[in-house]
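Letter by letter, the chains look like this.
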Amino acid sequence: MNDNGVQHFARLKETSDLVWPIIEREVENLYENLRVYDDDKAVLKSEMEVFFKRRRHKLLLRPYLTRLAYEFYGGKDWKKNIDVFAAVELFNISTYQSNLCFDKKLMNEVANNSNQYIASMLTLSLATKLIQDSQIFSSEQKNRAIQLLNESNNKVYLGQYIDLNMLTFSKFKSYQYQKNQYGIVRYKKKHFYHDYVERCNKIGGSTFEVCLIGALLNSNTDLEKVEELRNLYYKFGS
């Protein structure tokens, strides 16, 4: 591995090591503030842990990309923004939690699919809360960040809709093609590849696009230039 690779992983680990305690703090606060019986708290914790235990202590790419966006547009003190970097990962985790509900791949670990979706929404709310509670950003900066979070979340679930309702065996005939009298292939109604790419872009690309929050944290960022980075980040998950 060259020096650039070593530096990259060192910075990735440095960022992840600071983000994880924030995530753990917010999740534990959620449990503590839940006004239900201890047994019910234990159930919620077990449902939240289905994905958290798979993710815990691993390197976190998206917070690091958020840091890079912040520094690329002139940010100097990235550590002061660590709560918002954690918000980006919480959003990412929330999408995985809802996906457990949708695809049912971990049926031996998931006690209740509905609870996985509830866990997803709770985790998403923690992401929004971290941005709203920040003491170092202006209202305008917070609004831009939350708007981006909402836009990315919207795209993820539009992608899930395509996956669950359009790219299915029941819609197979919609994607069949036929040749006309001249031998030219024409699709009857839909083009499978187009819809599949759209599905991947929305589900995957949007969880990287949200990393642009790092750029929005700088009051002097040229918002028009952010679009250039948006296209790059979006393609990371496509």
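The structure we're discussing is the one just above.
Values in this document were obtained by computation on a predicted structure and should not be read as measured data.

**Student:** Tell me about the side chain of Arg62, and please be specific about residues and values.
**Tutor:** Counting through the fold element by element, Arg62 comes out in helix α3 (residues 61-72). A polar contact is formed between the side chain of Arg62 and the side chain of Asn92, at a distance of 3.3 Å. When sequence neighbours within four positions are dropped, the list of residues in contact with Arg62 reads Arg55, Val88, Glu89, Asn92, Tyr96, Thr207, Phe208 and Cys211.

**Student:** Which residues make up the packing of α3 against helix α4 (residues 82-103), and what are the values?
**Tutor:** At a minimum axis separation of 8 Å, α3 and α4 run at an interaxial angle of 140 degrees. The element α3 and its partner α4 pack so that their crossing is right-handed. The segment α3 lies against α4, with Arg62, Pro63, Thr66, Arg67 and Tyr70 engaging Phe85, Val88, Glu89, Asn92 and Tyr96.

**Student:** An account of the nonpolar core is requested, with residue identities and associated values reported.
**Tutor:** Most often, soluble globular proteins keep nonpolar side chains buried together rather than apart. By size, the foremost hydrophobic cluster in this structure holds 52 residues, and its most contacted members are Ile23, Met48, Ile131, Ile213 and Tyr233. For this core, the secondary structure elements donating two or more residues are α1 (3-33), α2 (38-55), α3, α4, α5 (113-132), α6 (139-166), α9 (213-216) and α10 (223-236). Ranked by the residues each element gives to this core, the list is headed by α4, at 10 residues. Those residues in contact with Ile213 that sit more than four places away from it in its chain are Thr66, Val84, Val88, Ile131, Ala145 and Leu148.

**Student:** Outline the packing of aromatic side chains, listing residues and values.
**Tutor:** Per the counting criterion, the structure on display carries eight aromatic pairs. Ring plane angle 10 degrees and centroid distance 6.2 Å describe the contact between Phe192 and Tyr196, whose orientation is recorded as stacked. Remark: Tyr196 and Phe192 occur in helix α8 (residues 192-209); sequence separation between them is four residues, near one turn of the helix. Among the aromatic residues, those joined into a ring-pair cluster are Phe102, Tyr117 and Tyr157. Its end group placed over the ring of Phe208, Arg62 keeps NZ or CZ at 4.1 Å from the ring centre. Its end group placed over the ring of Trp78, Arg67 keeps NZ or CZ at 3.9 Å from the ring centre.

**Student:** Any details on the pattern of salt bridges? Residues and values, ideally.
**Tutor:** Counting across every chain of the model gives 18 salt bridges. Where Arg56 meets Glu24, a salt bridge forms, and the shortest distance between an N and an O atom there is 2.5 Å. Within this pair, whereas Arg56 is found in the loop between α2 and α3, its partner Glu24 is found in helix α1, the two being separated by 32 residues in sequence. For Arg56, a relative accessible area of 22% puts it in the partly exposed group. What you see here is one network of salt bridges that share partners, running through Arg25, Glu26, Asp83, Lys129 and Asp133.

**Student:** Lay out the packing of α4 against α6 with the relevant residues and their values.
**Tutor:** Geometrically, a packed helix pair is captured by the angle between its two axes and the distance between the axes. At their nearest, the axes of α4 and α6 sit 11 Å apart, and the two run at 20 degrees to each other. Looking at the two axes, α4 sits roughly parallel to α6. The crossing of α4 and α6 is right-handed. Residues Phe91, Ser94, Thr95, Ser98, Asn99 and Phe102 of α4 touch α6, and the partners they reach there are Leu149, Ser152, Asn153, Val156, Tyr157, Gln160 and Leu164. Residues of the contact of α4 with α6, tallied by class, amount to six nonpolar, seven polar and no charged.

So, how was this worked out
- Residues numbered from 1 in each chain as written.
- Predicted model: local features only at pLDDT ≥ 70, side-chain atom pairs only at ≥ 80, totals over all residues.
- Heavy atoms only, no water.
- Helix = DSSP H or I, 4+ residues; strand = E, 2+ residues; numbered from the N terminus.
- Polar contact = N/O pair within 3.5 Å; in protein donor to acceptor, adjacent residues only side chain to side chain.
- Contact = heavy atoms within 4.5 Å.
- Axes fitted to C-alpha atoms, helices over the stretch in contact; angles between N-to-C directions.
- Left-handed = near helix turned anticlockwise from the far one by under 90°.
- Core = buried A, V, L, I, M, F, W, Y, C linked by side-chain atoms within 4.5 Å.
- Buried < 20%, exposed > 50% of the residue type's maximum accessible area, 1.4 Å probe, protein only.
- Phe/Tyr/Trp six-rings, centres within 6.5 Å; stacked < 30°, edge-to-face > 60°.
- Lys NZ or Arg CZ within 6 Å of the ring centre and 35° of its normal.
- Salt bridge = Lys/Arg side-chain N within 4 Å of Asp/Glu carboxyl O.
- Parallel < 35°, antiparallel > 145°, perpendicular 65-115°, else oblique.
- Nonpolar A, V, L, I, M, F, W, Y, C, P; charged D, E, K, R; others polar.

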